[in-house]
Amino acid sequence: MATTTSSAPSGQRPRNAQDSGSGVNFGRVLKSEWIKVTTIPSTVILVITTVVVMVGLAALFAWSQAIFQEQLSNQDIPAEFQPPTEGPGSPSYDSLTVPSSGIVFGQLLIAALAVVLIASEWATGMIRSTMVAVPKRVPALLAKNLIIALVALVVGAFAALISYLVAQPLLSPQNLDFSLGEEGVAASIINTGTYLALVAVISMGIGTLMRNTAGGVVTAVGIFFVLPIIVQLISGLADWIPDAARFLPGSAGTQLVAITTAEDALTQLEGGLVMAAWAVLLLLVSLIVTKKRDI
């Protein structure tokens, strides 16, 4: 009995998965991670909550500024107790910080979201499926960081812009309203998103290293919220403490969204670079550890 075999025509080679476009590439990994983020109800809830909290805090701050200005106008306050008429500490200057004022608690929600997204995969075992689909591991982790950074960037800038719009009617009766063209305002709104994006990358690095949701959230909250308070309380113990505290992620990030900076403080650019250095460092460490450590 003769057996017939078919062979590929001369000059052609069999098609494999990569040739047919069905292989793994970074674009498809990004799409997969985007689907994960946008289809998890808790993620959507946290994103909406972040926007609502940031806008609500900004509106509250704007309202308090308007009330304070009204009180100044209606009361005869001695000159030594009067706030400055311009510059930091004056009502007109403080009003410019309204759009980014919700960042204090917005960063905590974004940090929690980033930790939960990565640490929950280890808790549920889903990370095994992810790494089977993307055996090199690094592209999967890079995609996760890129997606959460993009989400945080959009959420932060959007919340700051809505905060600006909501605040104007509250500030207008006391002539404290201002335009987007005011020096530093537009940059502060954009950098609110930049800051939250860097917070997300730092927090995802923490979650990747700890592989524990509760521990990662507590650590991230401690770094961005508790540690600056502790440093402020002990700053009088040594002269070097306030200088070193400027390079903490939260302190540097505050300078990133500032309208103006004091002479002895980091500038907006310097604050952004320090914050970015923290994010890159934790990202690199998390990539190395993920590549070498068992899942």
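Shown above is the structure to which this text applies.
Here the residue numbers are simple positions, counted from 1 along each chain's written sequence. Since the coordinates come from a predicted model, pLDDT governs what is reported: local features require at least 70, and pairs of side-chain atoms require 80 or more to be given and counted, while whole-chain, interface and lining totals use all residues. Side-chain calculation: all heavy atoms of the structure are included, whereas hydrogens and water are not.

1. Section: the overall build of the protein chain
Consideration 1: Think of it this way: any DSSP run of H or I at least four residues long counts as a helix, any run of E at least two long counts as a strand, and we number them from the N terminus. Within the protein chain, the regular secondary structure consists of 11 helices and zero strands.
Consideration 2: Under the scheme applied here, a residue whose accessible area is under 20% of the maximum for its type counts as buried, over 50% as exposed, and between as partly exposed, the area being computed with a 1.4 Å probe on protein chains only. Across the 295 residues of the protein chain, 41% fall into the buried class.
Consideration 3: Counting every atom, the protein chain has about 16000 Å² of accessible surface; 66% of that belongs to carbon and sulfur. Only the protein chains shown count as cover for residues, with accessible areas throughout obtained via the Shrake-Rupley method and a probe of 1.4 Å.

2. Considering the environment of S179
Consideration 1: Mapped onto the secondary structure, S179 falls in the loop between α6 (138-171) and α7 (185-210).
Consideration 2: The spatial distance from the C-alpha of S179 to the C-alpha of L96 is 9.3 Å, given a sequence separation of 83 residues.
Consideration 3: By definition in these notes, contact holds between two residues if any of their heavy atoms fall within 4.5 Å. Not counting chain neighbours up to four residues away, the residues in contact with S179 comprise Y164 and V185.

3. Quick notes on the layout of surface pockets
Consideration 1: Site definitions follow a grid-based scheme: protein atoms alone, a 1 Å grid, a 1.4 Å probe that fits but cannot get out for cavities, and for pockets an open set with protein on both sides within 12 Å along at least five of seven lines, plus lining residues having an atom within 4 Å of a point. Grid points are joined across faces, edges and corners, and a volume is the space filled by probe spheres set on the points. For the largest pocket, the calculated volume is near 600 Å³.
Consideration 2: For the largest pocket, the lining is made up of 26 residues, of which V104, G250, S251, T254 and Q255 are closest to its centre.
Consideration 3: The set of elements that each furnish at least two residues to the lining of the largest pocket consists of α4 (103-124), α8 (213-234), α9 (240-245) and α10 (249-256).
Consideration 4: Sorting elements by how many residues they give to the lining of the largest pocket places α10 first, with six residues.
Consideration 5: Residues are grouped as follows: Ala, Val, Leu, Ile, Met, Phe, Trp, Tyr, Cys and Pro are nonpolar; Asp, Glu, Lys and Arg are charged; every other residue, Gly included, is polar. Residues that form the lining of the largest pocket fall into these classes: 16 nonpolar, nine polar and one charged.
Consideration 6: In terms of lining, the second largest pocket is formed by 16 residues, of which the most central are K36, I40, L117, S120 and E121.
Consideration 7: Tallying contributions element by element places α4 first for the lining of the second largest pocket, with five residues.

4. Considering the nonpolar core
Consideration 1: As used in this record, nonpolar core signifies buried Ala, Val, Leu, Ile, Met, Phe, Trp, Tyr and Cys residues forming a set joined through side-chain atoms within 4.5 Å. Counting 49 residues, the largest nonpolar core has I148, Y195, L196, V199, I202, F224 and M275 as its most contacted members.
Consideration 2: When contributions to this core are tallied by element, the ones reaching two or more residues are α1 (26-39), α2 (41-74), α4, α5 (126-133), α6, α7, α8 and α11 (268-292).
Consideration 3: The biggest single contributor to this core is α4, with 11 residues.
Consideration 4: Discounting residues that sit within four places of it in the chain, M275 has contacts with Y195, L198, V199, I202, F224, P249, A252 and G253.

5. Examining the pattern of salt bridges
Consideration 1: We define a salt bridge as a side-chain nitrogen of Lys or Arg found within 4 Å of a carboxyl oxygen belonging to Asp or Glu. Following the criterion strictly, the structure yields four salt bridges and no others.
Consideration 2: In this structure, the salt-bridge partner of K36 is E33, at a minimum N-O distance of 3.3 Å. Pair noted here: K36 and E33 are both in helix α1, with a separation of three residues, about one helical turn. Assigned by exposure class, K36 and E33 land together as buried.

6. Details of the packing of α7 against α11
Consideration 1: Fitted lines through C-alpha atoms serve as axes, helices being fitted only where they are in contact, and the angles separating the N-to-C directions of these axes extend from 0 to 180 degrees. Interaxial distance between α7 and α11 falls to 8 Å at its minimum, and their mutual angle equals 30°. What the angle tells us is that α7 and α11 run roughly parallel. For the element pair α7 and α11, the recorded crossing hand is left-handed. The segment α7 lies against α11, with Y195, L198, V199, V201, I202, G205, I206, T208 and L209 engaging G272, M275, A276, W278, A279, L282, L283, V285, S286, V289 and T290. Roughly parallel here means an angle under 35 degrees, roughly antiparallel means over 145, roughly perpendicular means 65 to 115, and every remaining angle is called oblique. In this scheme the handedness of a crossing depends on how the near helix is turned from the far one: anticlockwise by less than a right angle means left-handed, clockwise means right-handed.

7. Looking at the side chain of S286
Consideration 1: Tracing the backbone shows S286 in helix α11.
Consideration 2: Among the polar contacts made by the side chain of S286, one reaches the main-chain carbonyl oxygen of L283 at a distance of 2.7 Å.
Consideration 3: The residues touching S286, leaving out its near neighbours within four places in the chain, are L141, G205, T208 and L209. Within 3.5 Å is the distance limit for a polar contact, defined as a pair of N or O atoms, with the added protein rule that one can donate a hydrogen and the other accept it, and that residues adjacent in sequence qualify only through two side-chain atoms.

8. Quick look at a nonpolar patch on the surface
Consideration 1: Patch rule: a residue counts if its relative accessible area is over 30% and it has no salt bridge; like charges are joined within 9 Å, and nonpolar side chains (Val, Leu, Ile, Met, Phe, Trp, Tyr) within 5 Å. On the surface, a cluster of nonpolar side chains totalling about 870 Å² of accessible area is made up of V104, F105, F225, V226, L227, I229, I230, L233, I234 and L237.
Consideration 2: For the nonpolar patch, the secondary-structure elements that each account for two or more residues are α4 and α8.
Consideration 3: In terms of residues, the nonpolar patch owes the most to one element, α8, which gives seven residues.
Consideration 4: With respect to the element layout, V104 can be found in helix α4.
Consideration 5: Taking the relative accessible area as the measure of exposure, V104 reaches 38% and is therefore partly exposed.

9. What to know about unusual backbone geometry
Consideration 1: The backbone phi angle of N175 is positive, close to 60°, even though this residue is not glycine.
Consideration 2: One can find N175 in the loop between α6 and α7.
Consideration 3: Here R211, not a glycine, exhibits a phi torsion of approximately 55°, which is positive.
Consideration 4: Following the sequence through the fold, R211 ends up in the loop between α7 and α8.

10. Remarks on the packing of α4 against α7
Axis angle and axis distance: for two packed helices, these are the angle between their axes and the distance between the axes, and together they describe the pair.
Consideration 1: Direction vectors running N to C along α4 and α7 enclose 35°, while the axes themselves pass 8 Å from each other. Considering the relative orientation of α4 and α7, their crossing is right-handed. Along its contact with α4, which presents I103, G106, Q107, I110, A111, A114, V115, L117, I118, A119 and W122, the element α7 presents T192, Y195, L196, V199, A200, S203, M204, G207 and T208.
Consideration 2: The residue inventory of the contact of α4 with α7, partitioned by class, reads 14 nonpolar, six polar and no charged.

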